[in-house]
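Each chain, letter by letter, is given below.
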Amino acid sequence: MPTQAKLADEFGVERGAVRQALRILQSERLLTNVSKGSPATVAPDLTLALTGPGAPPQPTTVGLGPRIAAAFAQPHVEIEALCLTAVSLTLAIGEPLRQIHAGRLKPAKVDVRVLLPSSDIDLAFPSRVDREDRADASFDGRLQRRWLAQRNAQGQVLKHNLLALRATHGIDVRVTFRALPFTPPVKLYLLNGAEALFAYYTLNRREAEIGQEQVEMYDAEGTQSMLFAFEQGAGLRDTTFVEQSHLWFNALWETISSELTLTPTS
């Protein structure tokens, strides 16, 4: 990088503003060697800086895939997920599957556990904006069936793609789903016992076509939820978050969750 003096001159700002900007970039692991005495250096591994644990939060579609792929580089892959439909997880696992088929990855064992909302509950979202209007009692049923079809389809694809590794590559694969009695307001991915990736489902008001009816809804686009990464051993805060996330997931799995069957959808 140019010196702080040259940067200040080029952008017409005070030297203090340059130092502050460089320190921010260093905290985000994009620069190294930020000091008064020498020019800063671009981080040697920008991919890790942008996508690894401790990186700035990113949309799930950007941040999840590289971390899942890195998890598959281990001999024993363990992935736990709590989510609404498993769309993001199914998309993210596509890249390591391609690398396995190309011969670049070869884990010996893959264990995947997924918690999804039960089909027996009334979903908190997606939901119509005017929930007090019961003039069309069938709408909630149509909305529920649409979500259920997506949940089942994504789960079936995820399970099929992973279990196929048994026949094609001799990998020991187990994929298990269980049902939650509530709509999760957050999504959580736990990777190899060492990382926790966390995001909020942020509701937005939008229009959607249900059947042939245009309806205003509250919904969350989970693929765009901002994903925060925490790593075991990256300080007390991160380590504690990973540990507590595992305790929380296992408690849900072993207590109030129930058997979930991904019934075929037409």
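What this report covers is the structure whose coordinates are included nearby. (Residues numbered from 1 in each chain as written. Predicted model: local features only at pLDDT ≥ 70, side-chain atom pairs only at ≥ 80, totals over all residues. Heavy atoms only, no water.)

**Some details on the sheet that holds strand β13 (residues 258-259)**
As a reminder of what qualifies: Two strands are said to pair when DSSP picks up at least two bridges between them. Every helix listed is a DSSP run of H or I at least four residues long, and every strand listed is a run of E at least two residues long, numbered separately from the N terminus.
If you trace the eight strands from one edge of the open sheet to the other, you get β3-β12-β9-β8-β4-β5-β7-β13, paired in mixed fashion. Of all strands in the sheet, those bounded by a partner on one side alone are β3 (58-59) and β13. As judged from the two bridges shared by β3 and strand β12 (residues 226-231), these two strands associate in the antiparallel manner. Bridge pairing in β12 links Pro 59 to Met 226.

**Topic: the environment of Leu 22**
Defined as follows: Whether two residues are in contact is decided by their heavy atoms, any of which lying within 4.5 Å being enough.
With respect to the helices and strands, the residue Leu 22 is situated in helix α2 (residues 15-27). Once the C-alpha coordinates of Leu 22 and Ser 35 are considered, the two residues, 13 residues apart in sequence, prove to be 9.1 Å apart. If we ignore the near neighbours within four places in the chain, the residues touching Leu 22 are Met 1, Gln 4, Leu 7, Leu 31 and Val 34.

**Focus: unusual backbone geometry**
A cis amide bond, omega 0°, links Phe 125 with the succeeding residue Pro 126. Residue position: Pro 126 is located in the loop between β5 (109-117) and β6 (127-128). Even without glycine at this site, Ala 86 takes up a positive phi of about 70°. In this structure, Ala 86 sits in the loop between β4 (76-82) and α5 (87-101).

**Describing the packing of helix α4 (residues 60-71) against α5**
Between two packed helices, the angle of one axis relative to the other and the distance separating the axes together describe the packing. Filter applied, for reference: Whenever a helix is involved, its axis is fitted only over the stretch in contact; in every case the axis is a line through C-alpha atoms, and angles between N-to-C directions fall within 0 to 180 degrees. Geometric relationships in this document are graded by angle, where less than 35 degrees denotes roughly parallel, more than 145 denotes roughly antiparallel, 65 to 115 denotes roughly perpendicular, and other angles denote oblique. Left-handed describes a crossing whose near helix is turned anticlockwise from the far helix through less than a right angle; right-handed describes the clockwise counterpart. Note that Gly is not counted as nonpolar here; it falls among the polar residues with everything else outside the nonpolar set of Ala, Val, Leu, Ile, Met, Phe, Trp, Tyr, Cys and Pro and the charged set of Asp, Glu, Lys and Arg.
The geometry of α4 relative to α5 is characterised by a closest axis approach of 8 Å and an angle of 40° between their N-to-C directions. Compared by their axis directions, α4 and α5 come out oblique. Handedness of the α4/α5 crossing: right-handed. Of the residues in α5, those in contact with Thr 60, Leu 64, Gly 65, Ile 68 and Ala 69 of α4 are Ser 88, Leu 89, Ala 92, Ile 93, Pro 96 and Gln 99. Across the contact of α4 with α5, the residue classes tally to seven nonpolar, four polar and no charged.

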